[in-house]
Amino acid sequence: TPERGRIEFSGVTFGFPGAETPVVKDASFVVEPGKTTAIIGSTGAGKTVLLNLMLRLYDPQQGTITIDGAPVSQLTREQLADAIGLVPQRPYLFAGTIASNLRFGRSGATEEELWEALRVAQGEDFVKAKELGLDEPVSQGGTSVSGGQRQRLSIARLLVARPKVYLFDDSFSALDVATDARLRAALPEATQGATTIIVAQRVSTITEADQILVIEAGEIVGRGTHDELLASSDVYQEIVRS
Ligand code: DCP
Ligand code: MG
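Residues numbered from 1 in each chain as written. Chains lettered and ligands numbered in written order. Predicted model: local features only at pLDDT ≥ 70, side-chain atom pairs only at ≥ 80, totals over all residues. Heavy atoms only, no water.

Caption draft 1: Representation of the overall build of the chain within the structure. Scanning the chain for helices and strands turns up 9 helices and 12 strands. Projected onto its principal axes, the C-alpha coordinates of the chain cover approximately 50 × 40 × 40 Å. When each of the 242 residues of the chain is scored for burial, the buried share is 46%. Long-range contacts, defined as pairs at least 24 residues apart, comprise 68% of the intrachain contacts of the chain with a sequence gap of at least 6. Carbon and sulfur atoms form 48% of the exposed surface of the chain, whose accessible area is close to 11,700 Å². Across the chain, the 23 positively charged side chains and the 31 negatively charged ones have centroids separated by 3 Å. (Helix = DSSP H or I, 4+ residues; strand = E, 2+ residues; numbered from the N terminus. Buried < 20%, exposed > 50% of the residue type's maximum accessible area, 1.4 Å probe, protein only. Contact = heavy atoms within 4.5 Å. Areas by Shrake-Rupley, 256 points an atom, 1.4 Å probe, with all protein chains shown as cover. Lys, Arg positive; Asp, Glu negative; His and termini not counted. Charge placed at Lys NZ, Arg CZ, Asp CG, Glu CD.)

Caption draft 2: The coordination of the magnesium ion (ligand 2), seen in detail. Every protein donor of the magnesium ion (ligand 2) is accounted for by Thr48 (OG1) and Gln89 (OE1), and the metal-donor separations fall at 2.0 to 2.3 Å. With Thr48 in helix H1 (residues 47-54) and Gln89 in the loop between strand E6 (84-87) and strand E7 (96-97), the pair connects residues that are 41 residues apart, well separated along the chain. (Donors = N, O, S within 2.8 Å, 3.2 Å for Na, K, Ca; no water.)

Caption draft 3: Geometry of the pairing of strand E12 (residues 219-224). In this structure, strand E11 (residues 211-216) lies alongside E12, joined through 5 bridges in antiparallel fashion. Its bridge partner being in E12, Ile215 is matched across the sheet by Ile220. Hairpin connection between E11 and E12: a loop of 2 residues separates the two successive antiparallel strands, and Ala217 in this loop has a positive phi of roughly 45 degrees. (Pairing = 2+ DSSP bridges.)

Caption draft 4: Local environment of the pattern of salt bridges. Under the criterion given, the structure shown has 10 salt bridges. Taking the shortest distance from any N to any O, the salt bridge between Glu238 and Arg241 comes out at 3.3 Å. Here the residue Glu238 and the residue Arg241 both occupy positions in helix H9 (residues 234-241), the gap between them amounting to 3 residues, near one helical turn. Its relative accessible area of 47% is what places Glu238 among the partly exposed residues. Taking relative accessible area as the criterion, Arg241 reaches 60% and is therefore assigned exposed. Three or more residues joined by partner-sharing salt bridges are found here, namely Arg106, Glu113 and Arg162. (Salt bridge = Lys/Arg side-chain N within 4 Å of Asp/Glu carboxyl O.)

Caption draft 5: Just the sheet that holds strand E5 (residues 70-71), in detail. Pairing within the open sheet is antiparallel, and its 4 strands lie in the order E2-E1-E4-E5. In the strand order of this sheet, the two ends are held by strand E2 (24-31) and E5, each with one partner. Note that strand E1 (residues 7-14) and E2 share 5 bridges and pair antiparallel. Within E2, the residue paired with Glu8 across the bridge is Val30. Docked against the sheet, H1 engages E1, E2 and strand E4 (62-67), running at close to 115 degrees with respect to E1. (Axes fitted to C-alpha atoms, helices over the stretch in contact; angles between N-to-C directions.)

Caption draft 6: Up close: H1. Counted residue by residue, H1 has 7 buried out of 8 residues, so it is predominantly covered. Among the residues making up H1, those that are buried are Lys47, Val49, Leu50, Leu51, Asn52, Leu53 and Met54. Positive backbone phi, at 60 degrees, marks Arg56, one or two positions downstream of H1.

Caption draft 7: Focus on the layout of surface pockets. Of the pockets and cavities examined, the largest pocket occupies roughly 690 Å³. Every residue lining the largest pocket is counted, 25 residues in all, and those nearest its centre are Leu55, Ile84, Gly85, Leu86 and Phe104. Those elements that place two or more of their residues in the lining of the largest pocket are H1, helix H2 (77-83), E6 and helix H6 (147-161). Looking at the lining of the largest pocket, its residues break down into 13 nonpolar, 6 polar and 6 charged. What the second largest pocket holds in volume is close to 340 Å³. In terms of lining, the second largest pocket is formed by 19 residues, of which the most central are Thr36, Arg184, Leu187, Pro188 and Ile198. Breaking the lining of the second largest pocket down by element, the ones donating at least two residues are helix H7 (177-190) and strand E10 (195-200). In terms of residues, the lining of the second largest pocket owes the most to one element, H7, which gives 5 residues. When its residues are assigned to classes, the lining of the second largest pocket shows 8 nonpolar, 7 polar and 4 charged. (1 Å grid on protein atoms, 1.4 Å probe; cavity = no way out; pocket = protein on both sides within 12 Å on 5 of 7 lines; lining within 4 Å. Points joined across faces, edges and corners; volume = space filled by probe spheres on them. Nonpolar A, V, L, I, M, F, W, Y, C, P; charged D, E, K, R; others polar.)

Caption draft 8: How the structure looks around the side chain of Asn52. Tracing the sequence through the fold places Asn52 in helix H1. Each residue touching Asn52, except ones within four places of it in the same chain, is listed here: Leu57, Tyr58 and Leu86.

In structure tokens:
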């Protein structure tokens, strides 16, 4: 259906309790279904908070957030989890095995599906190199795997879960440029054209995005494609140069 995975923010303002200034200020934007929206901006700009608002980790003081027309505030936890999935900026692994961690979002996934997700997430080789492969034990917090491996397992986990909307919070910046490019090239097919939101640090990660939102101090200060922003946004030009 054409309206699968459309997200709309209208006049969303959010501040942490007790803080003087909001960290998201009057944010309005539409994430078109099936398209890739990128969010870029300096550290502390409010990128992670924007994603967390979609997942209702916090509720805004003003404005509304809808997915496919339904306010997220009216969805149950289950409906929300079915609709939107996140690879967090600091991915977390649970005590268990690689397989149990990948199946966290969908317990019925087959081994073939796990390997396919790992292939896309560029994690196939390192899992194959483990003595027990998918059955390799993982400790709580994932201390037995490297940070980059943890990130790829977390990406694979979301691919296994198959939400309508994929959120990637800075999930590619730890990867080398070639791996980053391979992963993103494989993503559209793996997500079957689902809506994708990518928070990124490197401009090279997002040049192909259908829409880029430039965030500064909680405000959307630029929006458009890479070429449009190069022509219109001083902040974006600054990010490109840095
Ligand atoms: N903030 C806060 N309390 C929290 C989380 C964040 O007070 N529990 C503040 C810190 C920042 C602002 O909110 O001033 C926005 O934080 P984000 O985590 O959204 O910032 P970014 O994700 O944009 O930064 P980074 O690129 O470092 O991840
Ligand atoms: Mg962040």
